[in-house]
Amino acid sequence: MLKCDQVKPLLSEYIDRELTLWKMQMVRLHLKSCPDCSRELALLRDTDKLLKLRKNEVVVTSNHFTEVLLAKVSIIARNEQNNVPFSQRLIGKIKTYAVWFKYSFDLKNHLSFVWKASFTLLFLITLIGLFSLSSFHRPDYEKKYEIVKKTKTVNFIKVEFVKPDTQNYRSKKNLPSFDS
Amino acid sequence: VRVSDEELMMRCRNGDISAFELLVSRYKEPIINFINHSIGDYHRSEDLAQETFLRVFKNSSRYTPKSYFKNWLYKIAANLCKNEIRDRNRHGLTSLDTLTMNEEDETPIASVLLSDHSQMPDFLYEKKEQQRLIKQAIDKLPETQRLAIIMVTYQNLRYDEISYALNCSLSAVKSLIYRARQNLRNLLIDLGVRESYNAKM
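Note that the structure is predicted; figures quoted are calculated from it, not measured.

S.K.: Provide a residue-level description of the overall build of chain B, including the pertinent values.
M.R.: Counting its secondary structure elements, chain B contains 10 helices and 0 strands. The order of helices and strands in chain B, counted from the N terminus, is α-α-α-α-α-α-α-α-α-α. For chain B, the share of sequence-separated contacts (at least 6 apart) that also reach a separation of at least 24 residues comes to 61%. Accessible area of chain B: about 9800 Å², with a carbon and sulfur share of 48%.

Listed below in structure tokens is the structure:
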């Protein structure tokens, strides 16, 4: 159960629905039993309602806003075209495509979703193909691996091929035991 | 299919002005409203909105689609607003909307000139007056608190988007908004806005 001094800083997030579901339930539970925090919440909600009175005070841009802006922008673009050599502009374009390709995976837009989905599918198909190849075309598939773990003296990984039914392999060969 | 803002921005990087125009048409209204709520001066807001989009075009080569375009745009607009608020505080500038005729009569000049309150029904006048007081209270907040509360209330931005736009941590945004609401509540009670009184009772 949360205490009052833990709940009060969360009330603002509670109003904006930014809390996790668990925390939301905890705050709700506390509010049911605490009139002081409920009053605080009512005050904050009231302030929020008052602020939202100004929400319909909407302004629009003037008619020539876009035209003026585009005129300024086209001057900048023209200057850039005249001053920057063709090779640099080409490199810039290639860089842009590279950046777009690199980051489009991070964004949750439609394009990246298609990319992600197709790459995942391709990856899965490759994985299944490799697995089936390796299981069908291995002649000595009865051999199994035994990976010998690192010890104090041996600091590399050693892979040995042993028969699975050979239990006392090390003692027969008079090799030192790794347990000691 | 709606082309994403990030893709348009990438085209913009390559000097495609029509892509830029589409971005402007998508975001000019939210941006001018955000700036207008922050500084409360329509004509200056339009200038700053233009400046915001110009900076977007000039710095398009620096934009990487690591973050959403919308957040990046709000970051630029918020920086311009911060500078404007600082300038106004330094030079003691006030917008025409908040100017008062004299100390006793607190009716703003602009609203007196533009509208005749004697013809206005009481509830409308009361509402207008309440909105003016709310604006006055918001203007008294420190700049980051002001921007954060405007973003969350009028622009419906999420806390993580605000943290990117204001260049601070998520926990800082949480405390900014909480403190802004507390300060506003006290300011509104001091200004005598009715609903706050009711809540206090």
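S.K.: Requested: an account of a positive patch on the surface, with residues and values cited.
M.R.: Residue and element names in this part refer to chain A. A contiguous patch of positive charge, built from Arg 17, Arg 28, Lys 32, Arg 45 and Lys 49, is present on the exposed surface. Residue assignment for the positive patch shows that the elements contributing at least two residues are α3 (21–33) and α4 (35–52). Looking at where Lys 49 falls in the secondary structure, it is placed in helix α4.

S.K.: I'd love a proper account of the pattern of salt bridges, names of residues and values included.
M.R.: Applying the stated criterion across every chain, the model contains 21 salt bridges over all chains. Between B:Arg181 and A:Asp16 there is a salt bridge whose closest N-O contact spans 2.9 Å. One end of the pair, B:Arg181, is in helix α9 (residues 170–191); the other, A:Asp16, is in the loop between α2 (11–15) and α3, on a second chain. B:Arg44 is the partner of B:Asp47 in a salt bridge, and the nearest nitrogen-oxygen pair spans 3.8 Å. Of this pair, B:Asp47 and B:Arg44 are both found in helix α3 (residues 42–58), 3 residues apart, which corresponds to roughly one turn of the helix.

S.K.: Requested: an account of the side chain of B:His37, with residues and values cited.
M.R.: Among the structural elements, B:His37 can be located in helix α2 (residues 17–39). Other than its neighbours up to four places away in sequence, B:His37 contacts A:Arg54, A:Glu57, B:Ile150 and B:Tyr154.

S.K.: Which residues make up the packing of α3(A) against α4(A), and what values do they have?
M.R.: Residues and elements named next belong to chain A. Running from N to C, α3 and α4 cross one another at 110 degrees; their axes reach a closest spacing of 6 Å. Relative to α4, the element α3 is oriented roughly perpendicular. Each of His 30, Leu 31 and Ser 33 in α3 lies in contact with α4, whose residues at this interface are Pro 35, Cys 37, Ser 38 and Leu 41. Per-class residue counts for the contact of α3 with α4 are 4 nonpolar, 3 polar and no charged.

S.K.: Lay out the interface of chain A and chain B with the relevant residues and their values.
M.R.: Size of an interface: often given as the accessible area lost when the parts come together. Taken together, the contact pairs 50 residues of chain A with 55 residues of chain B. A buried area of about 5300 Å², summed over both sides, lies between chain A and chain B, and 63% of it is on carbon and sulfur atoms. Interface area lost by chain A to chain B is led by A:Leu50, A:Leu51 and A:Arg54, which between them contribute 14%. Taken together, the links from chain A to chain B amount to 4 salt bridges. The shortest N-O distance in the salt bridge between A:Glu40 and B:Arg185 comes to 3.4 Å.

S.K.: Can you lay out the layout of surface pockets for me, pointing to particular residues and giving the numbers?
M.R.: Here the largest pocket defines a volume of roughly 650 Å³. Lining the largest pocket are 22 residues, and of these A:Glu80, A:Arg89, B:Arg13, B:Asn14 and B:Gly15 lie nearest its centre. Mapped onto the lining of the largest pocket, the elements with two or more residues apiece are α5 (65–83) and α6 (86–103) of chain A together with α1 (5–13) and α3 of chain B. Here the element with the most residues in the lining of the largest pocket is α6(A); it accounts for 9 residues. Per-class residue counts for the lining of the largest pocket are 8 nonpolar, 8 polar and 6 charged.

Cut-off values and rules
- Residues numbered from 1 in each chain as written.
- Chains lettered and ligands numbered in written order.
- Predicted model: local features only at pLDDT ≥ 70, side-chain atom pairs only at ≥ 80, totals over all residues.
- Heavy atoms only, no water.
- Helix = DSSP H or I, 4+ residues; strand = E, 2+ residues; numbered from the N terminus.
- Contact = heavy atoms within 4.5 Å.
- Areas by Shrake-Rupley, 256 points an atom, 1.4 Å probe, with all protein chains shown as cover.
- Patch = residues over 30% accessible without salt bridge, like charges linked within 9 Å, V, L, I, M, F, W, Y side chains within 5 Å.
- Salt bridge = Lys/Arg side-chain N within 4 Å of Asp/Glu carboxyl O.
- Lys, Arg positive; Asp, Glu negative; His and termini not counted.
- Charge placed at Lys NZ, Arg CZ, Asp CG, Glu CD.
- Axes fitted to C-alpha atoms, helices over the stretch in contact; angles between N-to-C directions.
- Parallel < 35°, antiparallel > 145°, perpendicular 65-115°, else oblique.
- Nonpolar A, V, L, I, M, F, W, Y, C, P; charged D, E, K, R; others polar.
- Buried area = accessible area lost by both parts, 1.4 Å probe.
- 1 Å grid on protein atoms, 1.4 Å probe; cavity = no way out; pocket = protein on both sides within 12 Å on 5 of 7 lines; lining within 4 Å.
- Points joined across faces, edges and corners; volume = space filled by probe spheres on them.

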